[in-house]
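If you want the building blocks of each chain, they are given just below.
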Amino acid sequence: MLKKKIKVFFLIFFLIPSNVYPEIIEGKALVIDGDTIKIKNNKIRLSGIDAPESNQLCKRIFLSIQFFSFNKQYPCGKISTNKLKKLVKNEIILCKVENIDRYKRKLATCFKNRLNINSWLVRNGYALAYVKYSKKYILQEKEAARDKLGLWQGTFEKPWNWRKNEKRK
C-alpha cells in the first residue's frame with residue numbers, strides 16, 4: 001500500500017507538467033509597452049496579442065477636401081502604451097500565466113476585475129490578434145476594424161512586420 005502511495009505521489013509531482021496548473025500573478029502593474037507589463041518581479045507578455053512598438057509610427061487622415069486626403073504620422077505605439085497605462089493605473093491586475101516565451105517573459109491573459117485586458121486592447125484597436133500564436137482574439141480584431149477604432153482609423157504596418165523591417169535597417 002505504501003509503495004502504491006509513493007508511486008502516485010511521484011506521478012503527480014514529478015511527471016505531470018508544471019503548466020497543468022496555471023500560475024496566477026496578482027498585483028499592481030507597471031506598463032512596459034502596449035503588450036507587456038511587470039507585476040512584482042514578473043515580466044508578463046499579454047498572450048495572443050501584439051501591440052505596435054513604442055517607437056512605431058502609423059498614419060491617419062488629418063484633413064480631407066473633396067477627393068483629396070492628407071495623412072499624418074502619429075505615435076501609435078506610444079498611444080497603445082498610454083491606453084494600457086490608463087486602463088491598469090492603480091488597479092490590482094490578475095494574470096493567468098499560460099506559458100513562457102523565448103525571452104523568459106511569462107505569457108498570460110490578464111484581468112482588471114472581470115475585464116480581459118488582452119481582449120480589450122484588441123477590441124479597441126490598440127493591439128492586433130497575434131494569429132501566429134493564437135486565434136483567440138480574431139473576432140475582436142474584426143470588430144475593431146469594422147468600427148474603425150484605434151489603429152483601424154488609418155493605415156499601419158503590423159507590429160511583427162514592423163519589427164522585421166526595423167532589423168533590416
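Look a little higher up for the structure.
Here the structure is a predicted model, which is why all the values come from computation and not from measurement.

Chemist: Can you break down the packing of aromatic side chains residue by residue, with the values?
Modeler: Any aromatic ring pair is given by two values, namely how distant the centres are and how the planes are angled relative to each other. Tallied over the entire structure, the rule returns four aromatic pairs. Ring centres of Y130 and W160 lie 5.2 Å apart, and the angle between their planes is 10°; on these two criteria the pair is classed as stacked. Residue Y130 is located in the loop between β10 (128–129) and α4 (138–146), and its partner W160 is located in helix α5 (residues 159–168); the two are separated by 30 residues in the primary sequence. According to the relative accessible area criterion, W160 is partly exposed, its value standing at 23%. On the basis of an interplanar angle of 85° and a centroid distance of 4.9 Å, the ring pair of W152 and F156 is categorised as edge-to-face. In this structure an aromatic cluster arises from ring pairing among Y130, Y133 and W160. In this structure, R60 is placed above the aromatic ring of Y74, and the distance from its NZ or CZ to the ring centre is 3.8 Å.

Chemist: Please give an account of the pairing of strand β2 (residues 36–39) that cites residues and values.
Modeler: When strand β1 (residues 24–33) meets β2, the two strands line up antiparallel, connected through four bridges. By the bridge assignment, A29 is partnered in β2 with I39. The hairpin turn running from β1 into β2, its antiparallel successor, is two residues long. The pairing of β2 with strand β3 (residues 42–46) spans four bridges and is antiparallel. If you follow K38 over to β3, its bridge partner there is K43. The turn linking β2 back onto β3 is made up of two residues, and K40 within it adopts a positive phi angle of 55°.

Chemist: Account for the layout of surface pockets, naming residues and giving values.
Modeler: As a volume, the largest pocket reaches approximately 820 Å³. Residue lining of the largest pocket: 28 residues in total, with R45, R102, Y130, Y133 and R163 positioned closest to the centre. Of all the secondary-structure elements, those providing two or more residues to the lining of the largest pocket are β3, β4 (49–50), β7 (92–100) and α5. Broken down by element, the lining of the largest pocket gets its largest block of residues, five residues, from α5. Tallied by class, residues from the lining of the largest pocket come to eight nonpolar, six polar and 14 charged.

Chemist: Explain α4 to me, using residue names and the numbers behind them.
Modeler: Each α-helix turn comprises 3.6 residues. Residues three or four places apart therefore point the same way. Residues Q140, E141 and A144 constitute the buried set of α4. Buried residues along α4 cover an arc of 100° about the axis, so they all sit on one side. In α4, the exposed residues that point more than 90 degrees away from the buried face are L139, K142 and R146. In the core, the buried residues of α4 are packed alongside α3 (117–123) and β10. Count one or two residues on from α4 and you reach K148, which has phi positive near 55°.

Chemist: Before we move on, can you summarise the side chain of N42 with the specific residues and values?
Modeler: Summarising the element assignment, N42 is placed in strand β3. Other than its neighbours up to four places away in sequence, N42 contacts I25, I37 and K106.

Reading the values: rules and limits
- Residues numbered from 1 in each chain as written.
- Predicted model: local features only at pLDDT ≥ 70, side-chain atom pairs only at ≥ 80, totals over all residues.
- Heavy atoms only, no water.
- Phe/Tyr/Trp six-rings, centres within 6.5 Å; stacked < 30°, edge-to-face > 60°.
- Helix = DSSP H or I, 4+ residues; strand = E, 2+ residues; numbered from the N terminus.
- Buried < 20%, exposed > 50% of the residue type's maximum accessible area, 1.4 Å probe, protein only.
- Lys NZ or Arg CZ within 6 Å of the ring centre and 35° of its normal.
- Pairing = 2+ DSSP bridges.
- 1 Å grid on protein atoms, 1.4 Å probe; cavity = no way out; pocket = protein on both sides within 12 Å on 5 of 7 lines; lining within 4 Å.
- Points joined across faces, edges and corners; volume = space filled by probe spheres on them.
- Nonpolar A, V, L, I, M, F, W, Y, C, P; charged D, E, K, R; others polar.
- Arc of directions from axis to C-beta.
- Contact = heavy atoms within 4.5 Å.

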